[in-house]
Amino acid sequence: MALALAEDRRRDIVRKTRNGLDAARARGRVGGRPRVVDADKRRVILARHADGESIRTIARATQLSVGPVHHVLADHRATNN
């Protein structure tokens, strides 16, 4: 019985959360963290990597951490294969 009530409560929370996010989106509000890598930084990352620079050097030069640089390169590889 308790398990059924907990599952029902979970469904209510999920439904209310989705409704709230949909309502916010309809008002023009977008959640989440802002993007760090814009198109210009992406171009710089790809050009520097093509020139043979390491990920750490590129990260330092673009003032990013290693993770976003790695993700840009991985996305580029995935879309070009």
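Report on the accompanying structure. Since the model is a prediction, treat every value here as computed from it, not as a measurement.

## Structural notes on the overall build of the chain
Then, number 1: Counting secondary structure elements, the chain contains four helices and zero strands.
Then, number 2: Written out in order from the N terminus, the α and β elements of the chain read α-α-α-α.
Then, number 3: In terms of overall dimensions, the chain is more spread out than a globule: its C-alpha atoms have a radius of gyration of 21 Å, far above the 12 Å expected for 81 residues.
Then, number 4: For the chain, the spread of C-alpha atoms along the principal axes amounts to about 60 × 30 × 25 Å.
Then, number 5: Considering the chain as a whole, with its 81 residues, one finds that 11% of them fall into the buried category.
Then, number 6: In the chain, of all internal contacts separated by at least 6 residues, the share reaching a separation of at least 24 is 42%.
Then, number 7: Split by element, the accessible area of the chain, about 6,800 Å² in all, is 53% carbon and sulfur.

## Some details on the nonpolar core
Then, number 1: Of all hydrophobic cores here, the largest spans seven residues; its members are Ile45, Ile58, Ala59, Leu64, Val69, Val72 and Leu73.
Then, number 2: Mapped by element, the contributors of at least two residues to this core are helix H3 (55–62) and helix H4 (66–80).
Then, number 3: The biggest single contributor to this core is H4, with three residues.

## Comments concerning the layout of surface pockets
Then, number 1: Reported here for the largest pocket is a volume of approximately 170 Å³.
Then, number 2: Arg35, Val36, Val37, Pro68, His71, Val72 and Asp75 together form the lining of the largest pocket.

## Here's the deal with the packing of helix H2 (residues 39–50) against H4
Then, number 1: Relative orientation of the contacting elements H2 and H4 amounts to 80 degrees, with a least axis distance of 10 Å. Classified by the angle their axes make, H2 and H4 are roughly perpendicular. The residues of H4 that touch H2, namely those facing Arg42, Ile45, Leu46 and His49, are Val69, Val72, Leu73, Asp75, His76 and Arg77.
Then, number 2: Across the contact of H2 with H4, the residue classes tally to five nonpolar, two polar and three charged.

## Some remarks on the side chain of Thr62
Then, number 1: Mapped onto the secondary structure, Thr62 falls in helix H3.
Then, number 2: A polar side-chain atom of Thr62 sits 2.8 Å from the main-chain carbonyl oxygen of Ile58.
Then, number 3: If we ignore the near neighbours within four places in the chain, the residues touching Thr62 are Lys41, Val44, Ile45 and Val69.

Reading guide: rules and limits
- Residues numbered from 1 in each chain as written.
- Predicted model: local features only at pLDDT ≥ 70, side-chain atom pairs only at ≥ 80, totals over all residues.
- Heavy atoms only, no water.
- Helix = DSSP H or I, 4+ residues; strand = E, 2+ residues; numbered from the N terminus.
- Rg over C-alpha atoms; globule rule 2.2 N^0.38 Å.
- Buried < 20%, exposed > 50% of the residue type's maximum accessible area, 1.4 Å probe, protein only.
- Contact = heavy atoms within 4.5 Å.
- Areas by Shrake-Rupley, 256 points an atom, 1.4 Å probe, with all protein chains shown as cover.
- Core = buried A, V, L, I, M, F, W, Y, C linked by side-chain atoms within 4.5 Å.
- 1 Å grid on protein atoms, 1.4 Å probe; cavity = no way out; pocket = protein on both sides within 12 Å on 5 of 7 lines; lining within 4 Å.
- Points joined across faces, edges and corners; volume = space filled by probe spheres on them.
- Axes fitted to C-alpha atoms, helices over the stretch in contact; angles between N-to-C directions.
- Parallel < 35°, antiparallel > 145°, perpendicular 65-115°, else oblique.
- Nonpolar A, V, L, I, M, F, W, Y, C, P; charged D, E, K, R; others polar.
- Polar contact = N/O pair within 3.5 Å; in protein donor to acceptor, adjacent residues only side chain to side chain.

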